[in-house]
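Breakdown of the fold
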Amino acid sequence: MMRQAGRYMAVYKKLAQKHPSFRERSETTDLIVEISLQPWEAFHPDGVILFSDILTPLPAFGVPFDIEELRGPVIQSPIRLEEDLKKLHAIDLEKLHFVGDSLKILRQQVGTQAAVLGFVGAPWTIATYIVEGGTTRTYTTIKSMCHTAPHVLRALLSHIATAISDYVVFQVESGAHCVQIFDSWGGQLPPDMWERWSKPYIDQIVSVVRKKCPDTPLVLYINGNGGFLERMKATGVDVIGLDWTVDMADGRRRLGNDISIQGNVDPAYLFSTLPALTEEIKRVVKCAGPRGHILNLGHGVLVGTPEEAVAHFFDVARSLEFDTPAENIVKGEPKLVV
């Protein structure tokens, strides 16, 4: 589950009381490993996700940031002018040693029992924070730059793409089996603008990783991606993550069977009754088909989600088996036609 480690877990909240700074929790090797393993020890999912943040690598290439209690991430010196670009430098992976060290330890801890999953932010999504100075609801500053200062924005995006490409390779070489690219705010662009201002820089990352880590699967996720599926497939990634607003059957039909898909149970279903959650999981699995599907939520786990529901999600997932492309057998239950 996306965000499977975090604020809905009692053990995490207890740890956070001792270590109230998110930066400390996500940039200290021992804490990263402990938090990353909390959901694995509790629920035994098939993947252990590195506990981190898409903004974690920013200081390593010249963009310091803070996280404030009410405002979230804050960048005191946004990059909006050509002269601001001088602050940037090549990514210094030594400054991200805690990421590499954590991934190595996680690989040792889980062995062959689970995949170790890394992740990064897509250049456009990272740029929204760097240009806007933090989170935003409107994206007006960066969107206007597409027209008022396109050369500055292209230079920024290109620099981020180079840095993130190196960061993905670093994660893989440190132990990540698979890396997900989050273009979380790519869905705020019209599709034709996404083609111009996001896709080329994702393409750059995919190209670099294909050359240096050819056997590493890449997942691409956009929040609100119903209008982007075919364009996302054109990036050449291995897996497309569907958010919960896309019908799984429609997503599979549009993307075809030559690419894997991930998702896409609505996180709010974890607040419903367990039988309702069970039926929704079965529906999603049935619509996705017997091959090339990673069962996941359509977005991150929500704060306040009952741990019982998370446990039930994984229990149901493990109970489902495809016997043939035409049948789905639930252990101990009648066959379900797929």
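Going by an unreviewed UniProt entry, the protein carries the name uroporphyrinogen decarboxylase and comes from Daucus carota subsp. sativus. As recorded by UniProt, the Sequence similarities (unreviewed entry) comment attached to the protein reads in full: "Belongs to the uroporphyrinogen decarboxylase family." The annotation that UniProt attaches to the protein under Catalytic activity (unreviewed entry) is "uroporphyrinogen III + 4 H(+) = coproporphyrinogen III + 4 CO2".

Considering the arrangement of structural elements, one finds Ser-36 in helix α3 (residues 29–43). A polar contact of 2.9 Å, which involves the side chain of Ser-36, links it to the backbone nitrogen of Phe-51. Excluding residues within four positions of it along the chain, Ser-36 makes contact with Val-48, Ile-49, Leu-50, Phe-51 and Leu-106.

Okay, the packing of aromatic side chains next. Applying the stated rule across the entire model yields 8 aromatic pairs. Here Phe-119 and Phe-182 contribute two aromatic rings whose centre-to-centre distance is 5.7 Å and whose plane-to-plane angle is 80°, an arrangement assigned as edge-to-face. With Phe-119 in strand β4 (residues 115–121) and Phe-182 in strand β5 (residues 178–183), this pair connects stretches of sequence that are 63 residues apart. When its relative accessible area of 12% is taken as the criterion, Phe-119 is described as buried. Ring geometry for Tyr-139 versus Trp-185: centroids 6.1 Å apart, planes at 45°, classification tilted. Here the residue Tyr-139 occupies a position in the loop between α5 (123–132) and α6 (140–148), and Trp-185 occupies one in the loop between β5 and α8 (191–197), the gap between them amounting to 46 residues.

So, how was this worked out
- All chains use their own residue numbering, which begins from 1 and follows the written sequence.
- Only residues with pLDDT of 70 or above have their local features reported here, since the model is predicted, and side-chain atom pairs are shown and tallied only from 80 upward, although totals for entire chains, interfaces and linings are computed over all residues.
- The basis for the side-chain values is all heavy atoms of the structure; hydrogens and waters are excluded.
- UniProt positions are given in the numbering used here, feature names are shortened, and annotations may be inferred rather than shown by experiment.
- In DSSP terms, a helix is any run of H or I states spanning at least four residues, a strand is any run of E spanning at least two, and both are numbered starting from the N terminus.
- Pairs of N or O atoms are called polar contacts if they sit within 3.5 Å, as long as, within protein, a hydrogen donor faces a hydrogen acceptor (for residues adjacent in sequence, only side-chain-to-side-chain pairs).
- Here a residue-residue contact requires only that any non-hydrogen atoms of the pair lie within 4.5 Å.
- Aromatic rings from Phe, Tyr and Trp, taking only the six-membered ring of Trp, are treated as a pair when their centres fall within 6.5 Å; an angle between ring planes under 30 degrees marks them as stacked, one over 60 as edge-to-face, and anything in between as tilted.
- Three labels apply to residues, based on accessible area from a 1.4 Å probe with only protein chains included: buried if under 20% of the type maximum, exposed if over 50%, partly exposed otherwise in between.

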